[in-house]
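Close look at the chain arrangement
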Amino acid sequence: MNIPVVRQVMEDEGILFSFSGMISQHFTEFLMDKVRVQLAEELNDRNSVKSIFVISIELLQNIMSYSKDIHIKKGNRHSSPGILLVGFDNNREKYYINTCNEIELCDREKLSSKIDYINSLDKKEQKALLRQKLRSAEDTHDRGAGVGLIEVAKISTEKIEYAFENSNKNLFFHIKAYV
Amino acid sequence: MDNLTIKETSYIPTIILDSIKGVFSIKGKSYPENTFEVYQPVQKWIKEYFSTTSNINTIINFELTYLNSSSLKVYFDMFDMLELAVENGKFVEVNWFYESDDDIIEEIGEELQEEFHTISIKLIPHN
């Protein structure tokens, strides 16, 4: 294990919190109850911290709903492997939230067209789209309203960034939002 | 009709629906992974309440500090029910409490006001 390399990456990327492992409701609770409280104390910037965690929860719950490898436990509790990074980008002087998870090959097109469309809208149009989806059942499925990414875009201060990574026939989805 | 009470957890708000007083109270954070399952009894109760109650007035106090997008969907559906109750001659008063520096929850309250203008929704900041 090359800890110095990891440490250097953490420092270069301004990482405030990182997690790699099973994303589950337990983890989202831990994040909201503990990490959020600690960051709120450290950063002394309540609104940024709120936005960071609104976005984090949406991205993590997407991982729990749309990953390739979803483990389902008693009580229909989901967990899926994924990565969450929260950091501060020194050049842009903004916080960022970055997640990564393995997705099904067939979801690639759906995700990119959805994000491209959301990114093409201004804030007002994003709000209108969100409201339209909330008043219909268009994208609603059994675990969500299908509107998490619109919510992320609405709160972000920059366009959503995303990328796909092919690795050993597996497809990984990276998404990054700034506040 | 019995009252409905749901105990607060880290990710589910305290929910108290009082059919006699006609007062509902929803307070806390809402980000369960299975939102629709969690709120199903609440929606069923509210639907039954408005079709059977003789109360003219119903007051609903929301005091949320965080909600995820699927909870927001559930609340929009709940407001659809309230709108229907208003159309049927009931008087529904919503108090939307938010922490005074919480722009996100304040904005959701504003959106609800714009979207459901037949319902009286008061935005009430507190410290």
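Each remark here, short or long, concerns the structure printed above.
What you are looking at is a predicted structure, and each value in this text was computed from that prediction instead of being measured.

**Examining the side chain of Lys 90 of chain B**
Residue and element names in this part refer to chain B. Structurally, Lys 90 can be placed in the loop between helix H2 (69–87) and strand E5 (91–99). Buried Lys 90, no salt bridge; nearest opposite-charge side chain is Glu 48, N-O distance 14 Å. Within polar-contact distance, the side chain of Lys 90 engages the backbone oxygen of Thr 53 at 3.1 Å. Among the polar contacts listed, one links the side chain of Lys 90 to the backbone oxygen of Asn 55, at a separation of 3.5 Å. Sequence-distant contacts of Lys 90, defined by excluding residues within four places in its chain, comprise Phe 50, Thr 53, Asn 55, Ile 56 and Ala 85.

**Digging into the sheet that holds strand E6 (residues 120–126) of chain B**
If you walk across this open sheet you meet the six strands as E1-E2-E3-E4-E5-E6 (chain B), and the pairing is mixed. Every interior strand has two partners, whereas the edge strands, strand E1 (4–6) and E6 of chain B, have only one. Taken over all neighbouring pairs, the strand axes of this sheet differ in orientation by 15 degrees on average, direction set aside. Direction of pairing for strand E4 (residues 57–67) of chain B relative to E5 of chain B: parallel, over a ladder of seven bridges. Bridging from a neighbouring strand, Thr 58 of chain B pairs with Val 92 of chain B of E5 of chain B. With respect to the sheet, helix H3 (residues 46–66) of chain A is in contact with E4 and E5 of chain B, its orientation differing from that of E4 of chain B by roughly 90 degrees.

**Regarding the interface of chain A and chain B**
In this assembly, 39 residues from chain A lie in contact with 29 residues from chain B. Contact between chain A and chain B buries roughly 2,900 Å² in total, counting both sides, with carbon and sulfur atoms accounting for 45%. Interface area lost by chain A to chain B is led by Arg 131, Leu 134 and Arg 135 of chain A, which between them contribute 25%. The interface formed by chain A and chain B includes 12 salt bridges. Where chain A meets chain B, there are 19 residue pairs in polar contact (both at pLDDT 80 or more). Elements with a contribution of two residues or more to the side of chain A that touches chain B: helix H2 (25–43), H3, strand E3 (77–89), helix H5 (123–135) and helix H6 (148–155) of chain A. Sort the elements by how many residues they give to the side of chain A that touches chain B and H3 of chain A lands first, with 10 residues.

**Comments concerning helix H3 (residues 103–115) of chain B**
All names here are of chain B. Here H3 contains 13 residues, and its C-alpha end-to-end distance of 18 Å stays within 8% of the 18 Å for a straight helix at 1.5 Å per residue. Taken residue by residue, H3 has Ile 104, Ile 105, Ile 108, Gly 109, Glu 111, Leu 112 and Glu 115 as its buried positions. In a view along the axis of H3, the buried residues occupy a sector of 160 degrees, so they form one face of it. Capping of H3 at its N-terminal end is provided by Asp 102; its side-chain oxygen lies 3.2 Å from the backbone amide nitrogen of Ile 104.

**Examining the packing of H5 of chain A against H3 of chain B**
At a minimum axis distance of 12 Å, the contact between H5 of chain A and H3 of chain B shows a crossing angle of 65 degrees. Classified by the angle between their axes, H5 of chain A and H3 of chain B sit roughly perpendicular to one another. When the axes of H5 of chain A and H3 of chain B are compared, the crossing they make is right-handed. Residues Lys 127, Arg 131 and Arg 135 of chain A of H5 of chain A form the contact with H3 of chain B, whose own contacting residues are Glu 107, Glu 111, Glu 114 and Glu 115 of chain B. Classifying every residue of the contact of H5 of chain A with H3 of chain B by side-chain character gives no nonpolar, no polar and seven charged.

**Section: a nonpolar patch on the surface**
Residue and element names in this part refer to chain A. On the surface, a cluster of nonpolar side chains totalling about 350 Å² of accessible area is made up of Met 1, Ile 3 and Val 6. Mapped onto the elements of the fold, Val 6 is located in helix H1 (residues 3–12). Residue class for Val 6 comes out partly exposed when judged on its relative accessible area of 34%.

**Some details on the packing of aromatic side chains**
Going through the model one piece at a time under the given rule, you end up with 19 aromatic pairs over all chains. Each ring, one from Tyr 31 of chain B and one from Tyr 66 of chain B, has its centre 5.6 Å from the other, and the planes form 75 degrees; the classification is edge-to-face. Here Tyr 31 of chain B is found in the loop between strand E3 (23–30) and helix H1 (35–52), whereas its partner Tyr 66 of chain B is found in strand E4, with 35 residues between them in sequence. Like Tyr 66 of chain B, Tyr 31 of chain B is buried. For the pair Phe 62 of chain B and Tyr 75 of chain B, a centre-to-centre distance of 5.6 Å together with 90 degrees between the ring planes defines the contact as edge-to-face. Placement of the pair is Phe 62 of chain B in strand E4 and Tyr 75 of chain B in helix H2, with a sequence separation of 13 residues. Tyr 75 of chain B matches Phe 62 of chain B in its accessibility class, with the two residues each being buried. Through pairs of rings, three or more aromatic residues link up here, namely Tyr 39, Phe 62, Tyr 75, Phe 76, Phe 79, Trp 96 and Phe 116 of chain B. Here the guanidinium or amino end of Lys 176 of chain A rests over the ring plane of Tyr 96 of chain A, the centre of that ring lying 4.4 Å away.

Rules used throughout
Residues numbered from 1 in each chain as written. Chains lettered and ligands numbered in written order. Predicted model: local features only at pLDDT ≥ 70, side-chain atom pairs only at ≥ 80, totals over all residues. Heavy atoms only, no water. Helix = DSSP H or I, 4+ residues; strand = E, 2+ residues; numbered from the N terminus. Buried < 20%, exposed > 50% of the residue type's maximum accessible area, 1.4 Å probe, protein only. Lys, Arg positive; Asp, Glu negative; His and termini not counted. Salt bridge = Lys/Arg side-chain N within 4 Å of Asp/Glu carboxyl O. Polar contact = N/O pair within 3.5 Å; in protein donor to acceptor, adjacent residues only side chain to side chain. Contact = heavy atoms within 4.5 Å. Pairing = 2+ DSSP bridges. Axes fitted to C-alpha atoms, helices over the stretch in contact; angles between N-to-C directions. Buried area = accessible area lost by both parts, 1.4 Å probe. Expected span 1.5 Å × (residues − 1). Arc of directions from axis to C-beta. Parallel < 35°, antiparallel > 145°, perpendicular 65-115°, else oblique. Left-handed = near helix turned anticlockwise from the far one by under 90°. Nonpolar A, V, L, I, M, F, W, Y, C, P; charged D, E, K, R; others polar. Patch = residues over 30% accessible without salt bridge, like charges linked within 9 Å, V, L, I, M, F, W, Y side chains within 5 Å. Areas by Shrake-Rupley, 256 points an atom, 1.4 Å probe, with all protein chains shown as cover. Phe/Tyr/Trp six-rings, centres within 6.5 Å; stacked < 30°, edge-to-face > 60°. Lys NZ or Arg CZ within 6 Å of the ring centre and 35° of its normal.

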